[in-house]
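The residues making up each chain are set out below.
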Amino acid sequence: MIQNLIIITIISFGGFAGYLERSLSSNGAIAAVFVGVAVYFGFGVKGLLLLGLFFTTSSLWSKYKSSAKKEIEEKLAKGATRDWRQVIANGGFAALLSIIYYFQQDIVWLIGFIVCLASSNSDTWASEIGTLSKRKPVYIRTFKPIEKGTSGAISLLGTTAAIFGSMLIAFSGAWLFHLQIFDFFIIFLFGFLGNIIDTLFGAYYQQVYICNKCGIETEKKVHCQTAAKRIKGYHIVDNDMVNFLSGFIAALLAMFVIYFVTK
């Protein structure tokens, strides 16, 4: 009981520290605490370490050379400070799997949990590192050069970062939870697949707006303090929805593979 209170206090301080560092908004910090508590009760300190690894590395890459990303952030719906929607988009399903695992400790839920984090880490590393590439990325629908920050764009640097982002979580998760080499490869492959799904959804379904004042194409519904016009994508499919769906689908596919192999 005392240990649980200490851990929950530490999680709360972690959320507050994220807020002070401007990695989290106020509601983002609250959401992060809830996700952290759910992960702790499901997967214990090991789960928290893995969640912390994702959040810490993602935040560091978000802050890295942030001045060089200022122009690109005008195209993106949100900046480096994560609100509650971004936290739930990246960690909500992982939190749900943690709660399920608390009641039914099956490896299927564990693999799904780690894949969620691997997918989010892969996508975040691809976005934050890929935008620093000296070359223009290629649009996945046309394979022609396109402006940095465009949803559905890929680059060699970003893809390499996505691979290592997924691999880091896969390796750390396999080491912490004493998983087999097959489990490691499943987590790594489906974590990276989550980034690919994110890219495809971003290219074909994510909403894009155009500012009526400056003419920039952006993910923001409001730009230059005026409502922007939607020119592409589905109304409900924003960046947060794409992030959630990519991790959700990748985790489900990995869980199906593990279920049929182990059962």
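Up top you'll find the structure we're talking about.
What comes next is a walk through the structure. (Residues numbered from 1 in each chain as written. Predicted model: local features only at pLDDT ≥ 70, side-chain atom pairs only at ≥ 80, totals over all residues. Heavy atoms only, no water.)

**Some details on a nonpolar patch on the surface**
- On the surface, a nonpolar cluster with roughly 490 Å² of combined accessible area is contributed by Ile181, Phe182, Phe185, Leu189 and Val261.
- As for its position among the elements, Ile181 is in helix 7 (residues 181-204). (Patch = residues over 30% accessible without salt bridge, like charges linked within 9 Å, V, L, I, M, F, W, Y side chains within 5 Å. Areas by Shrake-Rupley, 256 points an atom, 1.4 Å probe, with all protein chains shown as cover. Salt bridge = Lys/Arg side-chain N within 4 Å of Asp/Glu carboxyl O. Helix = DSSP H or I, 4+ residues; strand = E, 2+ residues; numbered from the N terminus.)

**Observations concerning the environment of Tyr19**
- Note that Tyr19 resides in helix 1 (residues 2-20).
- Sequence-wise, Tyr19 and Arg82 are 63 residues apart; in three dimensions their C-alpha atoms are separated by 9.3 Å.
- Those residues in contact with Tyr19 that sit more than four places away from it in its chain are Leu24, Ser25, Ser26 and Ala29. (Contact = heavy atoms within 4.5 Å.)

**Points about empty space enclosed by the protein**
- Applying the stated criterion to the full structure yields 1 cavity of 30 Å³ or more.
- Taken together, Ala89, Asn90, Phe93, Ala94, Cys116, Ser120, Asn243, Phe244, Gly247 and Phe248 make up the lining of the largest cavity.
- Among the secondary structure elements, those contributing two or more residues to the lining of the largest cavity are helix 4 (84-103), helix 5 (107-130) and helix 8 (239-262).
- For the lining of the largest cavity, a count of residues per class yields 6 nonpolar, 4 polar and no charged. (1 Å grid on protein atoms, 1.4 Å probe; cavity = no way out; pocket = protein on both sides within 12 Å on 5 of 7 lines; lining within 4 Å. Points joined across faces, edges and corners; volume = space filled by probe spheres on them. Nonpolar A, V, L, I, M, F, W, Y, C, P; charged D, E, K, R; others polar.)

**Observations concerning unusual backbone geometry**
- Positive phi values are uncommon outside glycine, yet Phe143 reaches one of about 55°.
- Within the secondary structure, Phe143 is located in the loop between strand 1 (138-139) and strand 2 (153-154).

**Considerations on the nonpolar core**
- Counting residues in each nonpolar core, the largest one holds 48 residues, and the members touching the most others are Phe113 and Ile114.
- Within the residue set of this core, elements represented by two or more residues are helix 1, helix 2 (26-63), helix 4, helix 5, helix 6 (156-176), helix 7 and helix 8.
- At 13 residues, helix 2 tops the list of elements feeding residues into this core.
- Non-local contacts of Ile114, meaning those with residues more than four positions away in its chain, are made with Leu50, Ile169, Gly173, Phe177, Leu179 and Ile187. (Core = buried A, V, L, I, M, F, W, Y, C linked by side-chain atoms within 4.5 Å. Buried < 20%, exposed > 50% of the residue type's maximum accessible area, 1.4 Å probe, protein only.)

**Side note on the layout of surface pockets**
- Counted as a void, the second largest pocket has a volume near 480 Å³.
- Taken together, 22 residues form the lining of the second largest pocket, with Ala32, Gly36, Leu51, Gly52 and Phe55 sitting closest to its centre.
- Looking at the lining of the second largest pocket, the elements that each hand over two or more residues are helix 1, helix 2 and helix 4.
- The element best represented in the lining of the second largest pocket is helix 2, accounting for 12 residues.
- Residues that form the lining of the second largest pocket fall into these classes: 13 nonpolar, 8 polar and 1 charged.

**Observations concerning helix 6**
- For helix 6, which comprises 21 residues, the first-to-last C-alpha distance of 30 Å matches the rise-based estimate of 30 Å (1.5 Å per residue) to within 8%.
- Looking at helix 6, one finds that the buried residues are Gly158, Ala161, Ala162, Gly165, Ser166, Ile169, Ala170, Ser172, Gly173, Ala174 and Leu176.
- For helix 6, the secondary structure elements touched by its buried residues are helix 2, helix 5 and helix 7. (Expected span 1.5 Å × (residues − 1).)

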